[in-house]
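# Report on the structure
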Amino acid sequence: MDTTIAGIKIPDSKMARELTQLIRDTEPDLLFHHSTRVYLFGALAGQRKGLKYDAELLYAGAMFHDIGLTRRYRQSQLRFEVDGANAAREFLSGYGIPEAALETVWDAIALHTTPGIPEHKKPEVALVTAGVEMDVLGIAYDQFGEHERAQVVAAHPRGSHFKDEIIQAFYDGMKHRPDSTFGTVNDDVLALKDPSFERTNFCSIIHGSHWHG
């Protein structure tokens, strides 16, 4: 089935369809629609910037990028981004995707909460983060046409409380592994939602190490 939204085609290979169904079955509506918008905004950003990217790899990175927040990973102590990256690699490996492509998708997911790095890597890596930044933070909002934003949101709604709901989803997926948020933007979520949360301080670790001087 050919689905095109804001001029962007949703990949429709057997692998892409099965990937979509897996994410649909695993994630709540909030994360499924968010992940699809990440793909669409990332692809639109790629078009605007004249980047050449593999649509299926971008789609895989976008759709798997938040799966680590779901109930399936409530016992994991890894960063949720790493859980998602590993899940994507395992899924794609079953379709004979080359190792280099697997690494691209892995990086795209693992780095999407690490500002300042993805834009210097391969287009698929940069564009997953660009899509996340647009949908969650509104970065580059005005660089997307009003009709583009409207078509994306009409197809995959944000709802009227997305901002609070996505923060809650982040918290629910990370509150059992607070140490995994060190050095990322994720500790802001725990600091907001949990008054007892204490951030790990990089400088304190340096001063408290066994080294003398």
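Since the structure is predicted, the reported quantities are computational estimates derived from the model, not experimental observations. (Residues numbered from 1 in each chain as written. Predicted model: local features only at pLDDT ≥ 70, side-chain atom pairs only at ≥ 80, totals over all residues. Heavy atoms only, no water.)

Turning our eyes to something else, we now look at the pattern of salt bridges. Per the counting criterion, the structure on display carries twelve salt bridges. Between Lys14 and Glu18 there is a salt bridge whose closest N-O contact spans 2.7 Å. Of this pair, Lys14 and Glu18 both sit in helix H1 (residues 14-26), four residues apart, which is roughly one turn of that helix. Exposure remark for Glu18: the relative accessible area of 33% places this residue in the partly exposed category. One salt bridge connects Arg158 with Asp135, and the closest N-O pair in it is separated by 3.4 Å. With Arg158 in the loop between helix H7 (146-155) and helix H8 (162-174) and Asp135 in helix H6 (residues 123-137), the pair connects residues that are 23 residues apart, well separated along the chain. Its relative accessible area of 24% is what places Arg158 among the partly exposed residues. A residue is classified by how much of its surface remains accessible, and Asp135, at 2% relative accessible area, is buried. By sharing partners, the salt bridges in this structure join Arg37, Asp135 and Arg158 into a single network. (Salt bridge = Lys/Arg side-chain N within 4 Å of Asp/Glu carboxyl O. Helix = DSSP H or I, 4+ residues; strand = E, 2+ residues; numbered from the N terminus. Buried < 20%, exposed > 50% of the residue type's maximum accessible area, 1.4 Å probe, protein only.)

With respect to the element layout, Glu81 can be found in helix H4 (residues 80-93). Since its relative accessible area comes to 0%, Glu81 is described here as buried. Within the local environment of Glu81, its side chain forms a polar contact with the side chain of Asn186, the two groups lying 3.0 Å apart. Excluding anything up to four places from it in sequence, Glu81 contacts Ile109, Ala110, His112, Thr113 and Asn186. (Polar contact = N/O pair within 3.5 Å; in protein donor to acceptor, adjacent residues only side chain to side chain. Contact = heavy atoms within 4.5 Å.)

Under the definition given, this model contains four aromatic pairs. Ring centres 5.3 Å apart and planes at 75 degrees place the aromatic pair Phe41 and Phe144 in the edge-to-face group. Here Phe144 lies in the loop between H6 and H7 and Phe41 lies in helix H2 (residues 29-49), a separation of 103 residues in the sequence. Of the residues examined, Phe144 reaches a relative accessible area of 4% and is grouped as buried. Consider the rings of Phe91 and Tyr95, whose centres lie 5.0 Å apart with planes at 45 degrees: the pair is tilted. On the basis of relative accessible area, Tyr95 is assigned to the partly exposed category, the value being 30%. Each member of the aromatic cluster is reached from another via a ring pair, and the members are Phe64, Phe91 and Tyr95. Between the NZ or CZ atom of Arg24 and the centre of the ring of Phe32, over which it lies, the distance is 4.3 Å. Geometry around Phe162 places Arg37 over its ring, the cationic atom sitting 4.9 Å from the centre. (Phe/Tyr/Trp six-rings, centres within 6.5 Å; stacked < 30°, edge-to-face > 60°. Lys NZ or Arg CZ within 6 Å of the ring centre and 35° of its normal.)

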